[in-house]
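Here is what each chain is made of, one letter per residue.
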Amino acid sequence: MKHGGVRWINGRPEKLRDFSVNLNPIYPDFIEELINEAIKEKVYLYYPDNYEKLRENIAEIYDVDEEYIGVFNGASEVINLLEPRVVPEPNYVEYKRSYIYFAEERENYFIYRLQGNKVIISNPNNPTGAKIDLKEIEEFLEEGKDLVVDESFADISLVDSAKKFVKDYDNLLIVSTFTKSLSIPGLRIGFTIGKRSKELEKNSPPWRINSIAYYVLSNANPKEIKDFFRKSRDLVTSLLENFRIREERKRVTIYKSFAPYVLVRFPINVRFINSYLRSKGFLIRDCSNFVGLNEFYGRISLRKDYQELVNEIDEFLSNSSI
């Protein structure tokens, strides 16, 4: 699949341990309780309202003014509403590109700089896991240049949000989503923080967020969500510190990451690795469709059971004639 993820077969998702999509390694029980409550209340029989309660909750979670919040059918809807922009590569495949340039790749990490007048970046970067410092973002904004920061993974990553700049800079828009941080890719709730949010909402269809998704995030406790994010970042920190692939003699490169996923360069085509992993019930992300990467790069989500996946990868590499 273009973005990773298991296949749906006859209307049902394939049963694999999926390390190809980047979600929070822990799942919030309070979200599942609210989903069940929404179904019990049969909220799917009703149109959602104007999303005011959802905006109010998002504003409280991120400690920003409610007037800066826009809500959408996932971050993807926002990205599709934006005009083409300059993109440093590798980066998220769905961005509309007007021009590209490449990040600096060192031995085991990437350095992203801001170039151009209208730029979109992901922080942390998808797929490399690299981060960009707030100082560089502020200097870019000070020059009056237009910047969109995709913080879809920031809530559960070791990066600082640029949200503190939205009040002072009209030229900044933050795009984010609860898809990753709350492990709910099927509920499709994205949002923006910035002074352009209302303008973008005017170009979006009504009822773009379904009633179940709206009910869940409108009734969730913002304090509970913030506490959950803190707990999640602590776990991601631990998982990143302990991630290893033993076959270093097989020319495996693990890139430094600040995100709940790790980019790895293998000495073997990831398609072959995935073929083996599928037979064992696993899947990782083939990164060959990211600009600047190729068929030897794979991205691994940091699920809590990742060690079992790594053991299978070690087994495959140790038995391969490379």
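Residues numbered from 1 in each chain as written. Predicted model: local features only at pLDDT ≥ 70, side-chain atom pairs only at ≥ 80, totals over all residues. Heavy atoms only, no water.

Enquirer: Summarise the layout of surface pockets; cite the residues concerned and give the values.
Expert: Of the voids in this model, the second largest pocket is the one considered here, and its volume is about 380 Å³. As for the second largest pocket, its lining consists of 16 residues, and the residues nearest its centre are Leu240, Phe243, Arg244, Ile254 and Tyr255. Here the lining of the second largest pocket is composed, by residue class, of nine nonpolar, three polar and four charged. (1 Å grid on protein atoms, 1.4 Å probe; cavity = no way out; pocket = protein on both sides within 12 Å on 5 of 7 lines; lining within 4 Å. Points joined across faces, edges and corners; volume = space filled by probe spheres on them. Nonpolar A, V, L, I, M, F, W, Y, C, P; charged D, E, K, R; others polar.)

Enquirer: If you had to explain the domain arrangement of the chain to someone new, which residues and values would you point to?
Expert: Interfaces are often sized by the amount of accessible area the parts lose when they come together. Here the chain is partitioned into domain 1 (8–27 + 227–319) and domain 2 (29–221). Residue-level contacts link 31 residues of domain 1 with 41 residues of domain 2. Here domain 1 packs against domain 2, burying approximately 2,800 Å² in sum over the two surfaces, 65% of which is carbon and sulfur. Sorting the residues of domain 1 by area buried against domain 2 places Tyr27, Phe229 and Phe258 first, and these three jointly supply 28% of that buried surface. (Domains from an automatic or database assignment. Contact = heavy atoms within 4.5 Å. Buried area = accessible area lost by both parts, 1.4 Å probe.)

Enquirer: I'd like a rundown of a nonpolar patch on the surface, residues and numbers included.
Expert: A contiguous nonpolar surface patch, about 470 Å² in accessible area, is contributed by Ile39, Tyr44, Leu45 and Tyr46. Mapped onto the secondary structure, Tyr46 falls in the loop between helix H1 (29–40) and helix H2 (52–62). Among the residues examined, Tyr46 registers a relative accessible area of 55% and is labelled exposed. (Patch = residues over 30% accessible without salt bridge, like charges linked within 9 Å, V, L, I, M, F, W, Y side chains within 5 Å. Areas by Shrake-Rupley, 256 points an atom, 1.4 Å probe, with all protein chains shown as cover. Salt bridge = Lys/Arg side-chain N within 4 Å of Asp/Glu carboxyl O. Helix = DSSP H or I, 4+ residues; strand = E, 2+ residues; numbered from the N terminus. Buried < 20%, exposed > 50% of the residue type's maximum accessible area, 1.4 Å probe, protein only.)

Enquirer: Residues and numbers for the sheet that holds strand E14 (residues 261–265), please.
Expert: The strand order across the open sheet built from five strands is E3-E15-E16-E14-E13, with neighbouring strands paired in mixed fashion. Across the chains shown, the open sheet's two edge strands, defined by having one partner strand only, are strand E3 (17–19) and strand E13 (253–254). The pairing of strand E15 (residues 282–286) with strand E16 (residues 297–301) spans two bridges and is antiparallel. Bridging across to E16, Arg285 finds its partner in Arg299. Contacting E15 and E16, helix H9 (residues 270–279) crosses the sheet at an angle of about 165° to E15. (Pairing = 2+ DSSP bridges. Axes fitted to C-alpha atoms, helices over the stretch in contact; angles between N-to-C directions.)

Enquirer: Can you explain the side chain of Ser257? Please cite residues and give values.
Expert: Within the fold, Ser257 resides in the loop between E13 and E14. By relative accessible area, which is 10% here, Ser257 ends up buried. Reaching out from Ser257, the side chain makes a polar contact with the backbone nitrogen of Ala259 at a distance of 3.0 Å. One polar contact links the side chain of Ser257 to the main-chain carbonyl oxygen of Tyr261, over a distance of 2.6 Å. Once residues lying within four places of it in the same chain are set aside, the contact partners of Ser257 are Thr128, Gly129, Leu240 and Val262. (Polar contact = N/O pair within 3.5 Å; in protein donor to acceptor, adjacent residues only side chain to side chain.)

Enquirer: Outline the nonpolar core, listing residues and values.
Expert: Among the nonpolar cores identified, the biggest contains 53 residues, and Tyr62, Ile137, Leu147, Leu172, Phe178, Ile193 and Leu217 are the most heavily contacted of them. Per-element accounting of this core gives the leading share, six residues, to helix H7 (residues 211–219). Domain assignment of the residues forming this core places at least three in each of domain 1 (8–27 + 227–319) and domain 2 (29–221). Look past the residues within four positions of Phe178 in its chain and what remains in contact with it is Ile58, Ile61, Tyr62, Ser183, Ile184, Ile189, Phe191, Leu217 and Phe229. By size, the runner-up hydrophobic cluster in this structure holds 25 residues, among which are Val262, Phe282, Ile300 and Val310. (Core = buried A, V, L, I, M, F, W, Y, C linked by side-chain atoms within 4.5 Å.)

Enquirer: Mind laying out the pairing of strand E4 (residues 69–72), listing which residues take part and the relevant values?
Expert: The two faces of E4 match: Ile69 and Val71 on one face and Gly70 and Phe72 on the other face are all buried. As defined by bridge partners, E4 adjoins strand E12 (residues 190–193) across four bridges and the pair is classed as antiparallel. Opposite Gly70, over in E12, you have Thr192 as the bridge partner.

Enquirer: Which residues make up the pattern of salt bridges, and what values go with them?
Expert: Close approach of charged atoms allows side chains of opposite charge to pair. If you walk through the whole model with that rule in mind, you get 20 salt bridges. A salt bridge links Asp305 to Arg17, with the shortest nitrogen-to-oxygen separation between them at 3.3 Å. Residue Asp305 is found in the loop between E16 and helix H10 (306–318), and its partner Arg17 is found in strand E3; the two are separated by 288 residues along the sequence. The exposure class assigned to Arg17 is partly exposed, which follows from its relative accessible area of 28%.

Enquirer: Tell me about the pairing of strand E10 (residues 146–150), residues and numbers included.
Expert: Taken across its five residues, E10 has five buried, putting it largely inside the fold. Of the two faces of E10, the one lined by Asp146, Val148 and Asp150 and the one lined by Leu147 and Val149 are each fully buried. Examined bridge by bridge, strand E9 (residues 118–122) and E10 share five bridges and lie parallel to one another. Following the sheet pairing, Lys118 is matched in E10 by Asp146.

Enquirer: Before we move on, could you go through H7 and cite the residues and values that matter?
Expert: For H7, the tally of buried residues reaches eight of nine residues, placing the bulk of the element in the interior. Listed in full, the buried residues belonging to H7 are Ser211, Ile212, Ala213, Tyr214, Tyr215, Val216, Leu217 and Ser218. Check the buried side of H7 and you find it contacts H1, H2, helix H5 (178–181) and helix H8 (222–242). Of the residues flanking the start of H7, the one acting as N-cap is Asn210, its side-chain oxygen 3.0 Å from the backbone nitrogen of Ile212.

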